[in-house]
Amino acid sequence: MFGRLLPYKGLGLLAETLPHIRRDFECRVVGQGPESPELGRLAALAHVRVENRWVAEDELPRLTAWADIVVLPYREASQSGVGAMAIASGRYVVATRVGGLVEQFSGDTQAILCEPEPVAIATALENILEAPPPVRPQVDSGQEWENLARDILASREMS
C-alpha cells in the first residue's frame, strides 16, 4: 500500500485483512500521514513494515517495482493514481469496490475488485497469489509514438 496514510484509504481495513492471509507475504505501507491507531495496528503485525514518511517522486518506480500486488483497501475514492501506476508497471491491483475505483479498474485483467470487507480483500489477494491473471505487455510509449508516426507517413506516401 502506498500514498497518503489517511483513514479513507482503509488502513484499519488492511489491518483487519492481513491476518486472514494464509500464505507467507511481506507488506509495506509507505507514505505520509498522521500517527493513528490503525497505523499502530499495522506496524504490530508480523510481515508488515510501516514507513510513515514523505516519498520523493524519483522513488516511485522503485516502490512499484518492489511490489507484486498493490492493495487499495479504500473506504471511499474517486480514483487512484497509485493504482494506475501499478497497472502501467505490470503489477496487480486489489481494490475495493468503492467510488470511481469501479470505473477505473473494471475490465482490467490485472485488477481485482472486491467488497470493502477483510475476508473479501484477503480472498482477492489469495486468488492472485494462487493463479495470477495475465499481465498485459509493457509498452514503450516513445516507440509506440514513433511507430504511429511512421505508419501515418507511410500511408501518406501511398496516397
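Predicted model, so just to flag it, every value in this text is computed and none were measured. (Residues numbered from 1 in each chain as written. Predicted model: local features only at pLDDT ≥ 70, side-chain atom pairs only at ≥ 80, totals over all residues. Heavy atoms only, no water.)

Draft legend 1. Examining the pairing of strand β2 (residues 48–52) more closely. Strand direction decides the pairing type here: strand β1 (residues 27–31) and β2, joined by 5 bridges, are parallel. If you follow V30 over to β2, its bridge partner there is E51. In this fold, β1 hands off to helix α2 (residues 37–44), which returns the chain to β2; that crossover is right-handed. (Pairing = 2+ DSSP bridges. Helix = DSSP H or I, 4+ residues; strand = E, 2+ residues; numbered from the N terminus. Right-handed = clockwise from strand over helix to strand, strands pointing away.)

Draft legend 2. Spatial organisation of the sheet that holds strand β4 (residues 92–96). On the basis of which strands lie adjacent, the open sheet formed by 3 strands has the order β3-β4-β5 and parallel pairing. Of all strands in the sheet, those with a lone pairing partner are β3 (69–72) and β5 (111–114), marking the two edges. Averaged over all pairs of adjacent strands, the angle between their axes in this sheet comes to 15 degrees, without regard to strand direction. Summarising the sheet, β4 and β5 pair through 4 bridges and their orientation is parallel. Of the residues in β5, the one forming a bridge with T96 is C114. Contacts from helix α6 (residues 118–130) reach β3, β4 and β5, with the element oriented near 165 degrees to β4. (Axes fitted to C-alpha atoms, helices over the stretch in contact; angles between N-to-C directions. Contact = heavy atoms within 4.5 Å.)

Draft legend 3. Broad picture of the layout of surface pockets. Taken as a whole, the largest pocket spans an internal volume of roughly 460 Å³. Only β1, α3 (60–66), β3, α4 (81–88) and α6 provide two or more residues apiece to the lining of the largest pocket. Residue composition of the lining of the largest pocket, by class: 18 nonpolar, 1 polar and 4 charged. In this model, the second largest pocket occupies a volume close to 160 Å³. Around the second largest pocket sit F2, G3, R4, G31, Q32, R53, W54, V55 and L60, which together line it. By residue class, the composition of the lining of the second largest pocket is 4 nonpolar, 3 polar and 2 charged. (1 Å grid on protein atoms, 1.4 Å probe; cavity = no way out; pocket = protein on both sides within 12 Å on 5 of 7 lines; lining within 4 Å. Points joined across faces, edges and corners; volume = space filled by probe spheres on them. Nonpolar A, V, L, I, M, F, W, Y, C, P; charged D, E, K, R; others polar.)

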